[in-house]
Amino acid sequence: MFKIRTSKYRHVFCDAPKQELCHTGFRLSTVTGDQQYVKASAKYFSVALFGGGGLVYVGRHDRPGRFLPGSTPTLHGHAGAILDFEWNPFDDSMLATASEDTTIKIWNIPEEWEPINEKGASKPGSDITASDIDLIGHAKKVNLLRFHPTASNVLASTSSDYTVKLWDIEHGEELATFDEMQDLCQDIVWDYKGDNYATACKDKAVRFVDARASKVTSKIAMAHDGVKGVKVVYMGESGKVLTTGHSRATGREVKIWDLKNLDAPIHTEKIDSAAGVLMPLYDVDTDVIYLTGKGDGNIRTCEFEDKAPYFHKLNDGFRSTTALKGACLVPKRGLNIMKCESARILKVTNELGIQPLSFTVPRKSDAFQTDIFPDTASAEPAHTSDEWFKGSSKGPKMESLNPLKKGQAMNGVSKRKSLSVGALSNGLKKAEARIKYLEGKLDAAGISYDKA
């Protein structure tokens, strides 16, 4: 399979987490599809639960423990099951949810949200039931969501109506619609700057789309011969794209394509003969690929290089006999950098709940390791949705992961939190209700005041 070479990530390892560090007690949603089943911001993670009203559990990374159905607070408000969700890369508290009811809802998680206490026990509290804004436009169920990587408040959605829609969630408006897909979309990903996106469909084609014009710029007619789902990853700014799928003989494989010539892959790597769909998790900062698969226990690790043989095997990754249902990477800002944690994957299982898998590079020094932690995308957008839609093209704003530099950069600077139209409307309604209540108190006390 993968070749081996010298690398600073060569000995990265991951031990099975202790049970007290896991998030347990869930009865997971039975809805199946092409989603990852779990997503994470630097502070929270989300997972869909079994039950009516589109139940979603929003947990905190620093509060592992046991979920108690009917007691632990949840998020719900859709009329149908949740099919996917996505955290805003520039706001760790903003969550988008997609549902069978054809709508998309945008939620803000309160700062005091703590469904599990510091001892790992369920903490009583109110459910989140009021979304900030609803996005309505798809004719059928909404299957996948992806936030723009560099522009603020731009969201892409795919639906069973065979369209991709782009939304400005700050104003609650639809920006563009792409309707040239011939079948159900199984994956959608943005490129590094967010100028284009790629869709992988059930017709086995991968289409590369100009996001602003909603026009196909290039296409892979048949990415993989098999009938299983295809996943796509842009390999940073290398001009290469990775796809995973099955061969005609049902063997799992990974292919590398050059965007300048998509007639044939420049490299094909055979993986194994398992049936589960491969879900590649790519760390663009380090070029490390974490190859997960639905139904797999193990997670393979390899390093991408922009020249043959392209893939280089790292350590044994993570080995387990517990089947994986879904997985996601936690943003770098949420990692324990000083413990040399180079990546953290949340692994969803039916038996053990959600396991936080910490991938660590062994180092003896307690100092910040510059060589294994290059600058990463910050929580500040490079441009607004209006600027991007009018043609602005920028890579993500970068920041150092060194705690000392981050502390200096944030010293005396407060983060500006953008509010959507829905959030402002909700705040106005609460303020008006409070004013009405206070006026009633003044009237009851016989105190005069200006009612203008």
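Residues numbered from 1 in each chain as written. Predicted model: local features only at pLDDT ≥ 70, side-chain atom pairs only at ≥ 80, totals over all residues. Heavy atoms only, no water.

### Observations concerning the overall build of the protein chain
What counts, and what does not: In this description a helix means any DSSP run of H or I spanning at least four residues, a strand means any run of E spanning at least two, and both kinds are numbered starting from the N terminus. For the radius of gyration, the atom set is restricted to C-alpha positions; the globular benchmark scales as 2.2 Å times the number of residues to the power 0.38. For every residue, the accessible area obtained with a 1.4 Å probe (protein chains only) is divided by the maximum for its type, and the residue is called buried under 20%, exposed over 50%, and partly exposed between those limits. When checking whether two residues touch, look at their non-hydrogen atoms; a contact exists if any pair is within 4.5 Å. Residue burial considers only the protein chains on display, and all accessible areas are found by Shrake-Rupley using a 1.4 Å probe. This count recognises Lys and Arg as positive and Asp and Glu as negative, with His and chain-terminal groups excluded. Here the site of a charge means NZ on Lys, CZ on Arg, CG on Asp, or CD on Glu.
A count of helices and strands for the protein chain gives three helices and 31 strands. On C-alpha atoms alone, the protein chain measures out to a radius of gyration of 23 Å, which is about the 22 Å that the 2.2 N^0.38 rule sets for 452 residues. In terms of its C-alpha atoms, the protein chain occupies a principal-axis envelope of roughly 85 × 50 × 45 Å. The buried share among the 452 residues of the protein chain stands at 54%. Pairs at least 24 apart in sequence give 54% of the contacts found in the protein chain among residues at least 6 apart. Carbon and sulfur atoms make up 50% of the accessible area of the protein chain, which amounts to about 20,300 Å² in all. A gap of 4 Å separates the mean positions of the 60 positive and 58 negative side-chain charges of the protein chain.

### A look at the nonpolar core
We count it as follows: Only buried residues count toward a nonpolar core. Its members are Ala, Val, Leu, Ile, Met, Phe, Trp, Tyr and Cys residues joined through side-chain atoms within 4.5 Å.
Within the largest apolar cluster, 40 residues are counted, with the highest numbers of intra-cluster contacts made by Tyr57, Tyr290, Ile299, Ile345, Leu346, Ile354 and Phe359. Setting aside anything within four residues of it in sequence, one finds Tyr290 in contact with Met279, Pro280, Leu281, Asp283, Ile299, Arg300, Thr301, Leu329, Ser342, Ala343, Ile345 and Phe359. In terms of nonpolar packing, the next biggest core, distinct from the first, is built from 17 residues, Ala176, Phe178, Ile188 and Trp190 among them.

### Quick notes on the packing of aromatic side chains
Definition in use: Think of it this way: a Phe, Tyr or Trp ring, Trp meaning its six-membered ring, pairs with another when their centres are within 6.5 Å, and the plane angle makes it stacked under 30 degrees, edge-to-face over 60, tilted otherwise. Should the NZ of a Lys or the CZ of an Arg lie within 6 Å of a ring centre and within 35 degrees of the ring normal, that charge is described as sitting over the ring.
Counted according to the given criterion, the structure contains twelve aromatic pairs. Between Tyr44 and Trp87 the ring centres are 5.8 Å apart and the planes differ by 15°, which places this aromatic pair in the stacked class. With Tyr44 in strand S4 (residues 44-48) and Trp87 in strand S7 (residues 82-87), this pair connects stretches of sequence that are 43 residues apart. Its relative accessible area of 0% is what places Tyr44 among the buried residues. Note on Trp87: relative accessible area 5%, which makes it buried. An angle of 25° between the planes, with centres 6.0 Å apart, marks the rings of Phe368 and Phe373 as stacked. In this structure Phe373 comes out as buried when scored by relative accessible area, which is 3%. Through a chain of ring-to-ring contacts, the aromatic side chains of Phe178, Trp190, Tyr197, Trp388 and Phe389 assemble into a single cluster. Seen from the ring of Tyr37, Lys325 lies directly overhead, with NZ or CZ sitting 4.5 Å from the centre.

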